[in-house]
Structures are given as C-alpha cells and as structure tokens.
Amino acid sequence: MRRTIIVVPCYNEAHRFDESAFASALDADPALSFYFVDDGSRDRTRARLEAFAASRGERCRVIAHEMNQGKAAAVRTGLLEAFATDADYCGFWDADLATPLDELPRFVEILEERPLLDLAIGSRVKLLGRSIERNPLRHYLGRVAATIASLLLDLPVYDTQCGAKLFRNTPAAAKLFAEPFASGWVFDVEIIARLVRQRRDGDGPSAEETIYEVPLYRWKDVAGSKIRPADYLRAFVDVLRVYQRTLRR
Ligand SMILES: Nc1nc2c(ncn2[C@@H]2O[C@H](COP(=O)(O)OP(=O)(O)O)[C@@H](O)[C@H]2O)c(=O)[nH]1
Ligand SMILES: [Mg+2]
C-alpha cells in the first residue's frame, strides 16, 4: 500500500480547524497520515489537535514547537520527520483547507503514474467550470509575484505559492529541507529554487521535467489569513534574495 504523510503547519488555528474534513480524508484513504505541527500557538490549537490525533491513533501525530517559528520552519520540522519514515509520498497542506483535501488523491495519482516526477504542486488557475475563489487584490498581487518568481527561477511555473505540495520521498527531496529556510512567506520559492539548483548541478532530469502542477478544481480564500499587505513587499525582497543566494551563477 502506497503511504502518504501530509504535514499541516498550524498557528492559532483553533477556530479554523475542520476536524470532520480531516476525518473524512483519513476515512477515504487508509494509507494516509497527518503530521500536525503546532507552531507555538497561543490559542487552543494544540489541545484541539491532540484530541483529534488521540481519536485517530497511529495515523495522526502532533509535533509541537514551543515558540512560534513561522510556517517555513514548521513545514520543515514536519517534513524532516516524514521523510525519515518509509512513506512513499510526503507533502504539506495549509490548515485552513483553502485547497480542499479531496484534491489530494490527484496529487498521489500523478506521482504514481509518472515515476519521473518528484513533486506535485497545486496550481490555482481560474478556468470555466472550476471554482477558484480568490480575492481580486490578492489574485493580482499574487500573479505579479508568481510571474517574477517564475522568471527568476527560469521555470515556466504558474503558481509557486499554493499551500498544497506533495513530494516523492527520496533522499534528494529530503535534502531540499536539510537547511533552514532564509525566507518567510516565500519559502515555497526557496524550495523550488533549491530543486532547480540541485537538478542543474546533477545529471538527472531537469527541474522542469520533475515538477508537475496540478490544476485545482476547487480553491477558496479562507478568512483569517495571517498575511498582511506589508508582507507582499517583504516577499518581493525575499524572492530576490533567494535568487541571489541559491540560483545566481
Ligand atoms: N507554523 C506556522 N504556520 C503558520 C504561521 N502563520 C500561518 N501559518 C500556517 O500557514 C498556513 C497558511 O496560513 P494563512 O494564514 O491561511 O495564509 P494564506 O492563506 O497563505 O494567506 C496555515 O496552515 C497556517 O496555520 C506561523 O507563524 N507558523
Ligand atoms: Mg489561508
């Protein structure tokens, strides 16, 4: 049975945590586990996660940071634990389920079907017949940021920032997380930059051949985002730094 572990970074998520959605995902796929990383939340997040995990036995773990370290660090902590298991696929997913968990099987399927692929990432492309509900301002700011990221990465990726990503569990994938991330909200760009660099330096297939963007059927902005307008500016600077540090030849 193909095992999947999904890391869910959680910071002050007590009011947004949708237990029944996580329960349904576990019921739908007996090979799925969740690693919840509570990142020093100041509300009842940890208690809620622990109660949920206790009711689910082996298939849910709660990992706790005593101090808040940010999403990138939380994802890294969870994924380093996940990659150390014999799971076939390890990924991360935003706790607010802006990407619904019923999108996950398509991520697993594409990695199953195409052994060359190492990473499946959600892509929020608004097409007729799909339900991609983004607040217009965040959509356009996000598109500008994504376009800059794509140019700097020299990779025709449409959406680096979607909070749903799944890796094939390989030593090379684990290596992408070996070093702490230097950027905050744009650590997704940093992960892809590391992958591009890894592939550029190696003699296997290129990053472009090993990443697959999964166009989502459903995605919605969930109220309660912790990103503020000033963070966009910060993100822009961070993307340039990632380029300088990781990719510039
Ligand atoms: N670990 C950690 N996770 C965070 C932090 N801030 C937000 N998150 C998580 O990151 C994910 C996305 O956060 P959200 O506020 O919805 O941001 P947005 O949807 O990208 O605007 C959720 O799973 C949050 O719980 C933080 O400081 N630490
Ligand atoms: Mg969100």
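Just above sits the structure.
Every chain is numbered independently, its residues counted from 1 as its sequence is written. All chains are assigned letters beginning at A, and all ligands numbers beginning at 1, according to the order in which they are written. Where local features are concerned, this predicted model is filtered to residues with pLDDT of at least 70; where side-chain atom pairs are given and counted, the filter is 80 or more; whole-chain, interface and lining totals use all residues. Derived side-chain values reflect all non-hydrogen atoms in the structure, with water molecules and hydrogen atoms excluded from consideration.

Colleague: I'd like to hear about the packing of aromatic side chains, residue by residue, with values.
Modeller: A pair of aromatic rings is counted whenever rings of Phe, Tyr or Trp (Trp by its six-membered ring) have centres within 6.5 Å, and the orientation is called stacked for planes under 30 degrees apart, edge-to-face for over 60 and tilted otherwise. Applying the stated criterion across every chain yields a total of 14 aromatic pairs. One aromatic cluster in this structure is built from Phe83, Phe92, Phe167, Phe177, Phe181 and Phe187. The aromatic ring of Trp219 is capped on one face by Arg124, whose charged end is 4.8 Å from the ring centroid. Charge-over-ring contacts are defined here by two conditions on Lys NZ or Arg CZ: a distance within 6 Å of the ring centre and an angle within 35 degrees of the ring normal. Of note, Arg143 hangs over the ring of Tyr158, and the distance from its end group to the ring centre comes to 3.6 Å.

Colleague: Tell me about the layout of surface pockets, residues and numbers included.
Modeller: Gaps left between atoms show up when a probe the size of a water molecule is rolled over them. Lining residues are defined by having an atom within 4 Å of a point belonging to a cavity or pocket. Those points lie on a 1 Å grid over the protein atoms alone, cavities being sets where a 1.4 Å probe fits but cannot get out and pockets being open sets with protein on both sides within 12 Å along at least five of seven lines. Grid points are joined across faces, edges and corners, and a volume is the space filled by probe spheres set on the points. Counted as a void, the second largest pocket has a volume near 320 Å³. Around the second largest pocket, the lining is made up of 18 residues, and of these Ala21, Ala25, Pro100, Leu101 and Asp102 lie nearest the centre. In this description a helix means any DSSP run of H or I spanning at least four residues, a strand means any run of E spanning at least two, and both kinds are numbered starting from the N terminus. For the lining of the second largest pocket, the secondary-structure elements that each account for two or more residues are helix H1 (19–28), helix H4 (104–113) and strand S9 (218–220). The greatest single-element share of the lining of the second largest pocket, amounting to four residues, is contributed by H1.

Colleague: Give me the pattern of salt bridges: which residues, what numbers.
Modeller: By definition, a salt bridge exists where a carboxyl oxygen of Asp or Glu is found within 4 Å of a side-chain nitrogen of Lys or Arg. Scanning the entire structure with this criterion turns up 23 salt bridges. Through salt bridges that share partners, Arg2, Asp88 and Glu112 make up one connected network.

Colleague: Got a sec to walk through H1? Specific residues and values, please.
Modeller: Here the term buried applies to any residue with accessible area under 20% of the maximum for its type, exposed to any over 50%, and partly exposed to those in between, with areas from a 1.4 Å probe on protein chains only. Of all the positions in H1, only Phe22, Ala23, Ala25 and Leu26 are classed as buried. An end-on view of H1 places all buried positions within 160° of arc, on one side of the element. Structural note: H1 exposes Asp27 and Ala28 on the side pointing more than 90 degrees away from its buried face. Buried residues along H1 sit in contact with strand S1 (4–10), strand S2 (32–39), helix H2 (45–56) and strand S3 (60–65). In this description, one arc is meant: the one made by directions from the helix axis to the C-beta atoms. In what follows, residue pairs with any heavy atoms lying within 4.5 Å of each other are defined as contacts.

Colleague: Quick rundown of the site of ligand 1? Include the residues and the values.
Modeller: Here a residue is near a molecule or strand as soon as one of its heavy atoms is found within 4 Å of it. Within the structure, ligand 1 sits among 18 residues, and Pro9, Glu13, Asp39, Arg138 and Ser225 are positioned closest to it. Definition of a polar contact: a pair of N or O atoms within 3.5 Å, with one able to donate and the other able to accept a hydrogen when the atoms are protein atoms, and with sequence-neighbouring residues admitted only if both atoms are side-chain atoms. Between ligand 1 and Glu13 there is a distance of 2.5 Å, counted from an oxygen atom to a side-chain nitrogen or oxygen. In the model, an oxygen atom of ligand 1 is placed 2.8 Å from a nitrogen or oxygen of the Ala95 main chain. For ligand 1, the protein covers 92% of the area, taking 570 Å² as the surface of the free molecule. Elements supplying a minimum of two residues to the shell around ligand 1: S1 and helix H3 (71–83). Under the convention adopted here, Pro, Cys and the residues Ala, Val, Leu, Ile, Met, Phe, Trp and Tyr are nonpolar, Asp, Glu, Lys and Arg are charged, and Gly plus all remaining residues are polar. Of the residues contributing to the shell around ligand 1, the split by class is seven nonpolar, three polar and eight charged. Computed with a 1.4 Å probe, the accessible areas rest on the Shrake-Rupley method; for each residue, only the protein chains presented here act as cover.

Colleague: Before we move on, could you go through the sheet that holds strand S8 (residues 211–215) and cite the residues and values that matter?
Modeller: Only strands joined by at least two bridges in the DSSP assignment are considered to pair. With respect to topology, seven strands assemble into an open sheet ordered S3-S2-S1-S4-S7-S5-S8, the strand pairing being mixed. Since the sheet does not close on itself, it has two edges, and those belong to S3 and S8, each with one partner. Pairwise comparison of adjacent strand axes, ignoring direction, gives a mean angle of 20° for this sheet. Alignment of S1 against S2, held across seven bridges, turns out to be parallel. Axis definition: a line fitted to C-alpha atoms, over the contacting stretch in the case of helices. Angles run 0 to 180 degrees between N-to-C directions.

Colleague: Lay out unusual backbone geometry with the relevant residues and their values.
Modeller: The phi angle at Asn12 is positive, at roughly 50°, despite the residue not being glycine. Note that Asn12 resides in the loop between S1 and H1. Of note, Leu97 is a non-glycine position whose phi angle comes to about 55°, a positive value.

Colleague: Report on the nonpolar core, specifying residues and quantitative values.
Modeller: For our purposes a nonpolar core is just a set of buried Ala, Val, Leu, Ile, Met, Phe, Trp, Tyr and Cys residues, chained together by side-chain atoms within 4.5 Å. Ranked by size, the top nonpolar core spans 39 residues in total, and within it Leu79, Phe167 and Phe177 carry the most contacts. Of all the elements in the fold, those that place two or more residues in this core are S1, S2, H3, strand S4 (89–93), strand S5 (119–123), helix H5 (136–153), helix H7 (187–201) and helix H9 (229–247).

Colleague: Quick one: what's the story with the state of the cysteines, residue by residue and with numbers?
Modeller: Only a pair of cysteine sulfur atoms within 2.5 Å qualifies as a disulfide here. The final tally for this structure, using the stated rule, is zero disulfides. No disulfide involves Cys90; its sulfur sits 15 Å from the nearest other cysteine sulfur, which is in Cys60. Residue Cys162 stays outside any disulfide, its sulfur separated by 16 Å from that of Cys10, the closest cysteine.

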